[in-house]
Amino acid sequence: MKLPETIYRLANVRKSYGDFVLDIPKLDFVRGETCALVGPNGSGKTTLLRLLAFIERPTAGEIRFGSAPVWNGGRDATFFTRRATMVAHPPFLFNRSVAYNIGYGLKLRGSSRKEIRERTRTALEDVGLTGLERKNARTLSSGQQQRAALARALALQPEVLLLDEPTASIDKKYARDVESVIRELTTDAKTTVIFSTHNYRQASALAQRIIFLSSGRIETLPYENIFKGTVHKSDGKTKVFLNDTLGFVVASEAVGAVHISIDSRDIILSRSPSTDQDRNCHRGKVVRMTLHESYARVTVDIGVRLSSVVSEQVLSQLQLRLGEDVYCIFDGGAVRIV
Amino acid sequence: MDYLSEAIKQSLWLIIHFDHELATIVWTSLRVSLTSTALASIVGVPLGFIIAVGRFKGKHHVEVALNTSMALPTVVVGLTVYSFISRRGPLGAYGLLFTPTAMVIGQFILATPIIVALSVSATKAIDARVGETARTLGANAVQTAAAILNEARYAILVAIVAGFGRVIAEVGSAMILGGNIAGYTRTMTTAIALETGKGEFSLAIALGIILLLIALSVNAVVQSFRLRGS
């Protein structure tokens, strides 16, 4: 398996705004991964995205993009800004037509008129805004503006797409369109997508990695594999059912609708099923594998996507390949009600 | 009152028949004022942008000075430029006095503070996210500035039109620097002053009507831009 390339490397990064301080001792992003930033308002999600979009300069520390230091590295700012594009929330559109807005970045990059026209059309199709090319962007509804801003970023086909609450002001129907755009980019694995959200379900459904932020710091024990379900008794066991067929044994007395989280380190991957009837054991297909320095993150589709962290040693023992079947085994105690 | 109605009739006749003298005066006025406004715009719009976005010591004082100089008396500008370009002045050797170029210099000095000051206001009124958005889409410093000015385009046009309105209607500087030479430096305002002094009202009224029409058109354009901008 090819070792993935680190696209961002943050070291001792601090950004201060009055009393607020975003403090990130170390954080890496891998090329092609989809990562969600989750946290309450004021936790530093937008500030982190703005640092990654090179709009803000850190007060201290170093950000590297690829292998190049972003600030004081002697490179022109456009070298970086033309590779990472951010869609702000609320988005800002120029007081011109939708087509002008979408073509703006391409024009800066010297794209031909034909290419601008084609990419504009495709991007508008992707976000469900076909036919609105000539409309003044400011006359669009807030949801349409958000989708137009996303289309403007998509048209550029950047290496990194930074999305600040991409579905925050969009109707449910169109939010699904936006989610499917992100999912496509994830499957494609050419674009690194980093998005912020308040929505755990959305984060766990779309992202391979979730970073939890709180008061400007990264939470060391983040919730992972978050799902919504209902607790029922079944075969004498307490289970949380995510849908009609898929249920996990849970060691809890909770009842009714709950959110659960399963620590990715508690999920064991195995080629053979568990003999212990009391453990959760679900067969699924490997849909993604990402190598980090000393561990690998493997995503398995068992009806929902479970992310498991395994050591390099275990990974080489299992000889896993994408698309292969594998068993996810974890105790009821690993299923935490959150 | 007969002389007045007769003068109005004759002035209309001059306008309808596109009198040669009248046309020459109007053309000279437009040529000088449009040139000075164009030059003042080339200098004033970027300068206004730099003052608006720049952070430097004394910025507030610069803005106060600009707003004050919007009301520069035209005769004072005429007198100052005259002292530089008259035969005994430091630029006397260039023979600029009583030429359209001298008038353009005077009007440039009158129009520039207006265009700069209004461009400063226009740029400041633009949402800070314009520049940020342009940068995140890959714009360099110049392209970002262009994006901000593009967003402020209606207000910038208002600034330019206001500058033009100031110079097309001024008489003091044009009279002192141009010398009101027939067919060469005689403009609508200097001609009106001269013809009125001679008691020849028909040409003066015809020019007055045209000047008012120009002022009306300028205001209509400004109003239309303001509406589009909002």
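Reading the values: rules and limits
- Residues numbered from 1 in each chain as written.
- Chains lettered and ligands numbered in written order.
- Predicted model: local features only at pLDDT ≥ 70, side-chain atom pairs only at ≥ 80, totals over all residues.
- Helix = DSSP H or I, 4+ residues; strand = E, 2+ residues; numbered from the N terminus.
- Rg over C-alpha atoms; globule rule 2.2 N^0.38 Å.
- Buried ≥ 20, exposed ≤ 12 C-beta atoms within 10 Å, placed from the backbone.
- Contact = placed C-beta atoms within 7 Å.
- Nonpolar A, V, L, I, M, F, W, Y, C, P; charged D, E, K, R; others polar.
- Domains from an automatic or database assignment.
- Expected span 1.5 Å × (residues − 1).
- Arc of directions from axis to C-beta.
- Core = buried A, V, L, I, M, F, W, Y, C linked by C-beta atoms within 7 Å.
- Pairing = 2+ DSSP bridges.
- Axes fitted to C-alpha atoms, helices over the stretch in contact; angles between N-to-C directions.
- Parallel < 35°, antiparallel > 145°, perpendicular 65-115°, else oblique.
- Left-handed = near helix turned anticlockwise from the far one by under 90°.

Notes on the overall build of chain A
Within chain A one finds eight helices and 20 strands. What you see for chain A is a C-alpha radius of gyration of 21 Å, in line with the 20 Å of a compact globule of 338 residues. Its C-alpha atoms give chain A principal-axis dimensions of about 65 × 45 × 40 Å. The 338 residues of chain A split such that 42% are buried. Counted over contacts in chain A with a minimum sequence separation of 6, partners at least 24 positions apart contribute 68%.

Examining the interface of chain B and chain A
Of the residues lining the interface, twelve residues belong to chain B; the matching set on chain A comes to 14 residues. Secondary structure elements with two or more residues in the side of chain B that touches chain A: helix H6 (129-136) and helix H7 (141-151) of chain B. A total of five residues in the side of chain B that touches chain A trace back to one element, the largest contributor, which is H6 of chain B. Per-class residue counts for the side of chain B that touches chain A are two nonpolar, five polar and five charged.

Examining unusual backbone geometry
Residues and elements named next belong to chain A. Histidine 89 connects to proline 90 through a cis peptide bond whose omega is -5 degrees. Relative to the helices and strands, proline 90 is located in the loop between strand S6 (84-87) and helix H3 (98-108). Positive phi, normally seen in glycine, also occurs at serine 215, with a value near 50 degrees. Position of serine 215 among the secondary structure elements: in the loop between strand S9 (209-214) and strand S10 (217-218). We classify serine 215 as partly exposed; it has 14 C-beta atoms within 10 Å. With a phi angle near 55 degrees, glutamine 319 is a residue other than glycine that sits in the positive phi range. With respect to the helices and strands, glutamine 319 occurs in the loop between helix H8 (312-318) and strand S19 (325-330).

As for the domain arrangement of chain A
Residues and elements named next belong to chain A. If you check the domain split of chain A, you get domain 1 (6-218) and domain 2 (226-337). Taking the mean C-alpha position of each, domain 1 and domain 2 sit 30 Å from one another. Taken together, the contacts link seven residues of domain 1 with nine residues of domain 2. Here the side of domain 1 that touches domain 2 is built from residues that sort into two nonpolar, two polar and three charged.

Digging into helix H6 (residues 172-188) of chain A
Residue and element names in this part refer to chain A. For H6, which comprises 17 residues, the first-to-last C-alpha distance of 24 Å matches the rise-based estimate of 24 Å (1.5 Å per residue) to within 8%. For H6, the complete set of buried residues consists of Val178, Val181, Ile182 and Thr186. An end-on view of H6 places all buried positions within 140 degrees of arc, on one side of the element. The exposed set on the far side of H6, more than 90 degrees from its buried face, consists of Lys172, Lys173, Ser180, Glu184, Thr187 and Asp188. Where H6 is buried, its residues meet strand S3 (34-38), helix H4 (113-127), helix H5 (142-155), strand S8 (192-197) and helix H7 (200-206). Two residues or fewer past H6, alanine 189 is found with a positive phi of approximately 60 degrees.

Structural notes on helix H1 (residues 45-52) of chain A
All names here are of chain A. H1 sits mainly inside the fold: eight of its eight residues count as buried. Along H1, the residues classified as buried are Lys45, Thr46, Thr47, Leu48, Leu49, Arg50, Leu51 and Leu52. Backbone geometry just after H1 places phenylalanine 54 at a positive phi near 65 degrees.

Considerations on the nonpolar core
Counting residues in hydrophobic clusters, the biggest one holds 114 residues, and the most contacted among them are Ala36, Leu52, Ala151, Leu162 and Ile194 of chain A together with Ile115 of chain B. The biggest single contributor to this core is helix H5 (residues 100-124) of chain B, with 15 residues. If sequence neighbours within four positions are ignored, leucine 162 of chain A has contacts with Leu49, Leu52, Ala53, Ala84, Thr85, Met86 and Ile194 of chain A. Ile226, Val249, Leu306 and Ile329 of chain A belong to the second-largest nonpolar core, a separate cluster that totals 23 residues.

Things to note about the pairing of strand S7 (residues 160-164) of chain A
All names here are of chain A. Burial within S7 is extensive, with five of its five residues counted as buried. Of the two faces of S7, the one carrying Val160, Leu162 and Asp164 and the one carrying Leu161 and Leu163 are both buried. Sheet topology note: the S6/S7 ladder contains four bridges and is parallel. Bridge pairing in S7 places methionine 86 opposite leucine 162.

Here's the deal with the sheet that holds strand S13 (residues 247-249) of chain A
Neighbouring strands of a sheet are bound in pairs by backbone hydrogen bonds; such pairs are parallel or else antiparallel. Residues and elements named next belong to chain A. Here we have five strands laid out as an open sheet, ordered S13-S12-S11-S14-S20, and antiparallel in their pairing. Because the sheet does not close on itself, it has two edges, and the strands there are S13 and strand S20 (335-337). Within the sheet, the average angular offset between the axes of one strand and its neighbour, ignoring direction, is 45 degrees. Pairing geometry for strand S11 (residues 226-234) and strand S14 (residues 256-262), over six bridges, is antiparallel.

Observations concerning the environment of isoleucine 102 of chain A
Residue and element names in this part refer to chain A. Tracing the backbone through its elements, the reader meets isoleucine 102 in helix H3. Note: C-alpha distance between isoleucine 102 and leucine 156 (54 residues apart in sequence) is 8.6 Å. Apart from residues no more than four positions distant in its own chain, isoleucine 102 is found in contact with Thr120, Ala123, Ala151, Arg152 and Ala155.

Some details on the packing of helix H4 (residues 74-85) of chain B against H5 of chain B
Residues and elements named next belong to chain B. Two numbers describe how H4 lies on H5: the axes approach to 10 Å, and their chain directions differ by 130 degrees. As far as their axial angle goes, H5 and H4 are oblique. As H4 packs across H5, the resulting crossing turns out to be right-handed. Counted together, Thr74, Val77, Gly78, Val81 and Ile85 of H4 and Ala102, Ile105, Gly106, Ile109 and Leu110 of H5 form the full contact between these two elements.

Quick word on the sheet that holds strand S18 (residues 305-311) of chain A
Residue and element names in this part refer to chain A. Spatially, S15-S19-S16-S17-S18 is the arrangement adopted by the five strands of the open sheet, whose pairing is antiparallel. Edge positions in the sheet fall to strand S15 (268-270) and S18, since each has one partner strand and no second. Strand-to-strand twist in this sheet, taken as the mean axis angle between neighbours without regard to direction, amounts to 45 degrees. Sheet topology places strand S17 (residues 295-301) next to S18; seven bridges connect them, and they run antiparallel. From the neighbouring strand, arginine 297 faces S18, where its bridge partner is valine 309.

Here's the deal with the pairing of S11 of chain A
Residue and element names in this part refer to chain A. In terms of strand pairing, S11 meets strand S12 (residues 237-241) through five bridges, oriented antiparallel. The residue of S12 that forms the bridge with valine 231 is valine 240. Hairpin connection of S11 to S12: two residues between the antiparallel strands, including aspartate 235 at a positive phi of 50 degrees.

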